[in-house]
Amino acid sequence: MPDPVRESEVKIELTWTADERTRKAIERQAAIMGFESPTAYLQQALAAVIAGNEQDTVLRTDGRLVHASTYAYGRAGASPDV
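Let me sum up the structure you'll find in this document. (Residues numbered from 1 in each chain as written. Predicted model: local features only at pLDDT ≥ 70, side-chain atom pairs only at ≥ 80, totals over all residues. Heavy atoms only, no water.)

### Digging into the overall build of the chain
Line of reasoning, step 1. Looking only at helices and strands, one finds three helices and two strands in the chain.
Line of reasoning, step 2. Going from N to C terminus, the chain has its helices and strands arranged as α-α-β-β-α.
Line of reasoning, step 3. For the chain, the residues scored as buried account for 20% of the 82 residues in total.
Line of reasoning, step 4. Contacts in the chain between residues at least 24 apart in sequence constitute 42% of all its contacts with a sequence separation of at least 6.
Line of reasoning, step 5. Only carbon and sulfur atoms are counted for the fraction: they give 51% of the accessible area of the chain, which is about 6200 Å². (Helix = DSSP H or I, 4+ residues; strand = E, 2+ residues; numbered from the N terminus. Buried < 20%, exposed > 50% of the residue type's maximum accessible area, 1.4 Å probe, protein only. Contact = heavy atoms within 4.5 Å. Areas by Shrake-Rupley, 256 points an atom, 1.4 Å probe, with all protein chains shown as cover.)

### Examining the packing of aromatic side chains
Line of reasoning, step 1. By the definition in use, this model includes one aromatic pair.
Line of reasoning, step 2. Centre to centre, the rings of Phe35 and Tyr41 are 5.6 Å apart; their planes meet at 75°, and the pair counts as edge-to-face.
Line of reasoning, step 3. Classification of Phe35 by relative accessible area gives partly exposed; the value is 26%.
Line of reasoning, step 4. Here Tyr41 falls in the buried class, since its relative accessible area comes to 18%. (Phe/Tyr/Trp six-rings, centres within 6.5 Å; stacked < 30°, edge-to-face > 60°.)

Here you go:
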């Protein structure tokens with residue numbers, strides 16, 4: 001994919017709500033991993049997912065952006081139009 005965003009380039013501001021069980025899990029993971037807040041943990045997690053998805057995105061010769069593992073390759077493992 002041309003010019004994929006990198007994790008360090010993703011800028012996200014979040015306002016979030018969650019049920020009590022999910023909130024406690026997010027707070028627990030944020031604390032275990034040393035984040036300053038649950039929001040900071042979620043921001044980093046989203047940035048990692050976005051950047052990872054960008055790396056797995058390919059531009060097909062027909063101009064479509066597709067996820068490499070799901071759409072770009074045929075059953076034989078290679079596609080002539082990627």
